[in-house]
Every structure is written in structure tokens, then in C-alpha cells.
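In case you want the letters, here they are:
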Amino acid sequence: HLDGRTSADTLVVLAAGSHVFRVAAPCIVTAQLTAAPSPAAALPAAPLSAVPRRHEGDFRLDAGQRLSDNLVVTGDVTLGEGAELRGHVKAHGNIELARGARVTGALFAKRDIRCAGDNCVLGPISAVKTVVLGAGTQAGSPSVPCSVSGWQIELGPAVAVFGTLASVDGCEVLA
């Protein structure tokens, strides 16, 4: 249990059962990983300057589909298994990434953000409520560090965050 802020110059390794609030390091990993993983192959970071497209209601990108767009969605956002989105997303509801879905851009949600596992998000991840990064998820990269923030954060095994974790109620590392 680490209250307050924890930081390191190279790496922070969090074991299952750890409870932290704020952590900053070039790489933060959860148990099973003991070093920074090889960065996921990725396109360059998506520019923040592009004007987003507004989408009324829920938005879904089906399994295996690819899209380059910046979105503001009035409902929930769902990316199917293996779907790829190059752009930034703001959802007035929840954001759900199925196993293997990838986002090259930022994720902002007024509710929860849930990554099922084996996901890659190259941009900040911020939810008003809960952020869940499932097993094998990578947030950011050495060349595109990111922040993961939410009221509560849950990290699965073998998760890598290149940057910072910041939570109000705490960040739990699940077994």
C-alpha cells in the first residue's frame, strides 16, 4: 500500500494486491512483467488539432474494422475484438475495448473506460469513474508517454503504462 506519490527514474513494478494512488515513471508494470516490454508497433501519435466529428448516440467499431477519425460521442463507445481507431475519443458514456482493440489517440469518458486485455492505447486515458486495464494491456510507449487517470483504476496482470497513474480512490493491481 503506497499512499501519496511514488516515482522512479526507470521502472516501477507493482505486485498483485498492490494499492497505490499516484505513480510516475518512464514505465510502470504489473506482476508477471519485471521489465518494460517491447513497445507495441504503432503509428505516430494522433494530432490533437484535428476537429472531432460529433456522433449522436452510441458508437461501435466492429471486430477487425479500422477507422481514422476524432470523435465526440453522446453515448457509449465500443471497439470490437481487434478493431483499430486512429484518433481521439470523448464519450459522454462508457468506452469499452474488446480484447486486442487498439487506439492511437486519447480516450476520455464521463463514466468508465474498460480495456478487456491485450489492448494498446497510445494517448492519455481519463475516466470520471473507473479505468480498467485488462491483462497484457499497454498504455503509451517510450516515445509517446501517457497518463492514466480516474476516480478508481484497476490493473490486470502484465500491464505496462509508460508515464503516470493518478487516482482519487486508489489504483488496485488485480491477480
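These figures come from a predicted structure and were not determined experimentally.

**Remarks on the overall build of the protein**
Piece 1. Looking only at helices and strands, the protein features zero helices and 20 strands.
Piece 2. Taken along its principal axes, the extent of the C-alpha atoms in the protein is 40 × 30 × 30 Å.
Piece 3. A buried classification covers 46% of the 175 residues belonging to the protein.
Piece 4. For the protein, contacts bridging at least 24 residues in sequence account for 24% of all contacts bridging at least 6.
Piece 5. Roughly 7,900 Å² of accessible area belongs to the protein as shown, and the carbon and sulfur atoms make up 54% of that amount.
Piece 6. In the protein, 14 side chains carry a positive charge and 15 a negative one; their mean positions are 6 Å apart.

**Topic: the nonpolar core**
Piece 1. In terms of nonpolar packing, the biggest core is built from 39 residues, with Leu 79, Ile 95, Leu 97, Leu 133, Val 148 and Leu 165 touching the most fellow members.
Piece 2. Dropping the residues within four chain positions of it, Val 148 is found in contact with Ile 125, Val 131, Leu 133, Ala 139, Ile 153, Val 161, Thr 164, Leu 165 and Ala 166.

**A closer look at the pairing of strand E17 (residues 130-133)**
Piece 1. Taking every second residue as pointing to the same face, both faces of E17 are buried, with Thr 130 and Val 132 on one and Val 131 and Leu 133 on the other.
Piece 2. The pairing of E17 with strand E19 (residues 146-155) spans four bridges and is classified as parallel. Counterpart to Val 132 in the pairing with E19 is Glu 154.

**Considerations on the environment of Leu 71**
Piece 1. Counting through the fold element by element, Leu 71 comes out in strand E7 (residues 71-73).
Piece 2. In this structure the C-alpha to C-alpha distance between Leu 71 and Gly 150, which are 79 residues apart in sequence, comes to 20 Å.
Piece 3. Apart from residues no more than four positions distant in its own chain, Leu 71 is found in contact with Pro 52, Arg 53, Phe 59, His 88, Val 89 and Lys 90.

**Overview of the pattern of salt bridges**
Opposite charge on two side chains allows them to pair when their charged atoms are near.
Piece 1. Using the criterion set out here, one finds six salt bridges in the structure.
Piece 2. The residue Arg 54 makes a salt bridge to Glu 56 at a minimum N-O spacing of 2.8 Å.
Piece 3. Judged by relative accessible area, Arg 54 falls into the exposed class, the value being 53%.
Piece 4. Residue Arg 114 pairs with Asp 112 through a salt bridge whose shortest N-O separation is 3.5 Å.

**What about the side chain of Asn 94?**
Piece 1. Inspection of the secondary structure assignment puts Asn 94 in the loop between strand E10 (89-91) and strand E11 (95-97).
Piece 2. Judged by relative accessible area, Asn 94 falls into the buried class, the value being 17%.
Piece 3. Within the structure, Asn 94 has its side chain in polar contact with the backbone nitrogen of Asp 112 (distance 2.9 Å).

**Overview of the pairing of strand E2 (residues 11-14)**
Piece 1. In E2, alternate side chains face the same way, and those of Val 12 and Leu 14 are buried while those of Leu 11 and Val 13 on the opposite face are not.
Piece 2. Pairing geometry for E2 and strand E3 (residues 19-30), over four bridges, is parallel. In the sheet register, Val 13 faces E3, and the bridge partner there is Val 29.

**Overview of the environment of Gly 64**
Piece 1. Following the sequence through the fold, Gly 64 ends up in the loop between strand E5 (59-61) and strand E6 (66-68).
Piece 2. Ignoring any residue separated from it by four or fewer positions in sequence, one finds Gly 64 in contact with Glu 81, Gly 82 and Ala 83.

**A few points about unusual backbone geometry**
Piece 1. Of note, the phi angle at Asp 118 is positive, near 55°, even though the residue is not glycine.
Piece 2. Following the sequence through the fold, Asp 118 ends up in the loop between strand E14 (113-115) and strand E15 (120-121).
Piece 3. The exposure class of Asp 118 is partly exposed, given its relative accessible area of 43%.
Piece 4. If you check the backbone angles, Ala 158 has positive phi at about 60° while not being a glycine.
Piece 5. As for its placement among the helices and strands, Ala 158 is situated in the loop between E19 and strand E20 (160-173).

Rules behind the numbers
Residues numbered from 1 in each chain as written. Predicted model: local features only at pLDDT ≥ 70, side-chain atom pairs only at ≥ 80, totals over all residues. Heavy atoms only, no water. Helix = DSSP H or I, 4+ residues; strand = E, 2+ residues; numbered from the N terminus. Buried < 20%, exposed > 50% of the residue type's maximum accessible area, 1.4 Å probe, protein only. Contact = heavy atoms within 4.5 Å. Areas by Shrake-Rupley, 256 points an atom, 1.4 Å probe, with all protein chains shown as cover. Lys, Arg positive; Asp, Glu negative; His and termini not counted. Charge placed at Lys NZ, Arg CZ, Asp CG, Glu CD. Core = buried A, V, L, I, M, F, W, Y, C linked by side-chain atoms within 4.5 Å. Pairing = 2+ DSSP bridges. Salt bridge = Lys/Arg side-chain N within 4 Å of Asp/Glu carboxyl O. Polar contact = N/O pair within 3.5 Å; in protein donor to acceptor, adjacent residues only side chain to side chain.

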